[in-house]
Amino acid sequence: MAKDIITVNELTKEEIIKIVNTAIDIKKNPVRYENRLRGKALLLLFQKSSTRTRIAFELGMKKLGGTTIVMDWGKSNFAISPLRYEARYIADMVDAILARLIKNEDVCELARSASVPVINGCCDMYHPSQVLADLMTVYEASGGFDTSMAYIGIQNNVANSLFYACLKVGVKLIFVTPLKDRIPDDFEMRAKKSKIFKETLNLEYAVLNSKFLYTDTWINMEEYNREDLSAERDKKIKTMAAYQINRRLIENRNVRIMHDMPVHPGLEIDEYAINCGMSVIFQQAENRMYAGQALLLYLLDTL
Ligand code: CP
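Residues numbered from 1 in each chain as written. Predicted model: local features only at pLDDT ≥ 70, side-chain atom pairs only at ≥ 80, totals over all residues. Heavy atoms only, no water.

K.L.:
Could you clarify how one ought to interpret the overall build of the protein chain in this entry?
P.N.:
Each helix and strand in the protein chain was counted, giving 13 helices and nine strands. Over its C-alpha trace the protein chain gives a radius of gyration of 19 Å, about what one expects of a compact globule, namely 19 Å for 303 residues. Over its C-alpha atoms, taken along the principal directions, the protein chain stretches across nearly 55 × 45 × 35 Å. Evaluated residue by residue, the protein chain yields a buried proportion of 56% over its 303 residues. Restricting the contact set of the protein chain to residue pairs at least 6 apart, pairs at least 24 apart contribute 71%. Carbon and sulfur atoms make up 49% of the accessible area of the protein chain, which amounts to about 13600 Å² in all. (Helix = DSSP H or I, 4+ residues; strand = E, 2+ residues; numbered from the N terminus. Rg over C-alpha atoms; globule rule 2.2 N^0.38 Å. Buried < 20%, exposed > 50% of the residue type's maximum accessible area, 1.4 Å probe, protein only. Contact = heavy atoms within 4.5 Å. Areas by Shrake-Rupley, 256 points an atom, 1.4 Å probe, with all protein chains shown as cover.)

As structure tokens, this is what we get:
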């Protein structure tokens, strides 16, 4: 049966470490991996906008010798036919699917219906390919996973996959999440059981006890330009304003700054934090491609 990556929790600690190590090796020795996926085809299906995920997987697949087809959900017949039948047909034509869909239920239905591996390219609940790149970045900066991170922001899709990934590999994780957008069903149970996870609203405690500070957008991409949500957006921004990662919080602190991008200077982060010497944000974004390539190699059985 094809392995699907919907949350990141489908991977064992050993598999994650293997993917991260392969990603680091691809980055150092790209020529060694040319043509490793020759003859393979990847469909990239987007219901939402993307910069990094598209570039990471489209360029990444091509650099491995494979072929890609990029499909906009709205311009395909997914919009007018049951998802399960479109998925079944596609699985006869390609070797893997990367899908950025709005709802987790749709990603799960796609995975159930397609007989090839499905990678969740970011839904309302999870963003697994992002957090593999995040772990790669942490590994590069720290030489391993014996380290600590605070996620400061709204508990969202990125935070949920980060939670699973950090707990799995042993990165100590603190959540400073005054607002919660989406929470997995097993979150409370896992959070309670874990000896390396804490939740607090004490920002100073989180900064003092973390080697990495990670933040993400306060506004979901599909909510940005919706007039009807402007009051809700303003309320969120007001609540979150005290949790911005900025110069005042990080200056003269030995802490690295992470953000999965796109960034929104003046909201969750300021210009100083994006551009300071401790920022690994652009390294993290670049790593999306190597981590994506390593994941494709793993799923298509050539790792
Ligand atoms: N971080 C991330 O997924 O970037 P894009 O939304 O641009 O793909």
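From this point on, the discussion continues.
K.L.:
Would you explain the nonpolar core in this entry?
P.N.:
Counting residues in hydrophobic clusters, the biggest one holds 81 residues, and the most contacted among them are I97, L110 and M149. Here this core takes nine residues from helix 13 (residues 281-299), the largest share from any one element. Beyond its immediate stretch of four places on either side in the chain, M149 contacts V138, L162, C166, V171, K172, L173, I174, S210, F212, Y214 and M258. The next biggest cluster of nonpolar side chains, apart from the first, holds 25 residues, and it includes L203, L213, M240 and L249. (Core = buried A, V, L, I, M, F, W, Y, C linked by side-chain atoms within 4.5 Å.)

K.L.:
Explain the site of the ligand here, please?
P.N.:
In the region of the ligand, the neighbouring residues are S50, T51, R52, T53, R100, H127, Q130, M221, D260, M261 and R288. H127 is positioned such that a nitrogen or oxygen atom in its side chain is 2.8 Å from an oxygen atom of the ligand. One nitrogen or oxygen atom from the main chain of M261 is found 2.8 Å from a nitrogen atom belonging to the ligand. Here the ligand loses 96% of its free accessible area of 260 Å² to cover by the protein chains. In this structure, the ligand is accommodated by the largest pocket. (Near = heavy atom within 4 Å. Polar contact = N/O pair within 3.5 Å; in protein donor to acceptor, adjacent residues only side chain to side chain. 1 Å grid on protein atoms, 1.4 Å probe; cavity = no way out; pocket = protein on both sides within 12 Å on 5 of 7 lines; lining within 4 Å. Sits in = over half its atoms within 2 Å of the grid points.)

K.L.:
I'm lost on empty space enclosed by the protein in this one. Help?
P.N.:
Any empty space left between atoms is shown by rolling a water-sized probe over those atoms. By the definition in use, this model includes one cavity of 30 Å³ or more. Taken as a whole, the largest cavity spans an internal volume of roughly 30 Å³. If you trace the largest cavity, you find it lined by E223, L229, E232, R233 and K236. Partitioning the lining of the largest cavity into residue classes produces one nonpolar, no polar and four charged. (Points joined across faces, edges and corners; volume = space filled by probe spheres on them. Nonpolar A, V, L, I, M, F, W, Y, C, P; charged D, E, K, R; others polar.)

K.L.:
I keep staring at helix 6 (residues 128-142) and nothing clicks. Help me out?
P.N.:
Helical periodicity: at 3.6 residues per turn, an α-helix aligns residues three or four positions apart in one direction. Its 15 residues give helix 6 an end-to-end C-alpha distance of 21 Å, which sits within 8% of 21 Å, the value for a rise of 1.5 Å per residue. Counted residue by residue, helix 6 has 11 buried out of 15 residues, so it is predominantly covered. Three or more residues of helix 6 are buried, namely P128, S129, Q130, V131, L132, A133, D134, L135, M136, T137 and V138. (Expected span 1.5 Å × (residues − 1).)

K.L.:
Looking at this model, I keep getting lost on the pattern of salt bridges. Mind explaining?
P.N.:
When the charged atoms of two side chains lie near each other, side chains of opposite charge can form a pair. Applying the stated criterion to the full structure yields 14 salt bridges. Of the charged contacts, one joins E58 and R54 as a salt bridge, the two residues approaching to 2.9 Å between their closest N and O atoms. Here E58 and its partner R54 are both found in helix 3 (residues 52-63), four residues apart, which amounts to about one turn of the helix. With relative accessibility at 18%, the residue E58 sits in the buried group. (Salt bridge = Lys/Arg side-chain N within 4 Å of Asp/Glu carboxyl O.)

K.L.:
What's the story with the packing of aromatic side chains in this structure? I'm lost.
P.N.:
Remark: the centre distance and the inter-plane angle together describe each pair of aromatic rings, the angle taken between the planes. Overall, the coordinates contain 12 aromatic pairs when judged by the stated rule. With 5.6 Å between their ring centres and 50° between their planes, Y151 and F175 make a pair best called tilted. In this pair, Y151 is assigned in strand 5 (residues 148-155) and F175 in strand 6 (residues 172-180), connecting sequence segments 24 residues apart. Judged by relative accessible area, which is 0%, Y151 ranks as buried. A relative accessible area of 0% places F175 in the buried class. Where Y151 meets Y214, the ring centres are 5.8 Å apart and the plane angle is 45°; that geometry is what we call tilted. You can see Y151 sitting in strand 5 and its partner Y214 sitting in strand 8 (residues 212-215), a full 63 residues away along the chain. Members of the aromatic cluster, connected to one another through ring pairs, are Y126, Y151, F163, Y164, F175, F187, F197 and Y214. (Phe/Tyr/Trp six-rings, centres within 6.5 Å; stacked < 30°, edge-to-face > 60°.)

K.L.:
What should I look at first to understand the layout of surface pockets in this one?
P.N.:
A volume near 500 Å³ is recorded for the largest pocket. Going through the elements one at a time, helix 3 and helix 7 (157-169) are the ones with two or more residues in the lining of the largest pocket. Of the residues belonging to the lining of the largest pocket, the class tally is nine nonpolar, 11 polar and 12 charged.

Without other data, these values stay purely geometric and don't point to any function.
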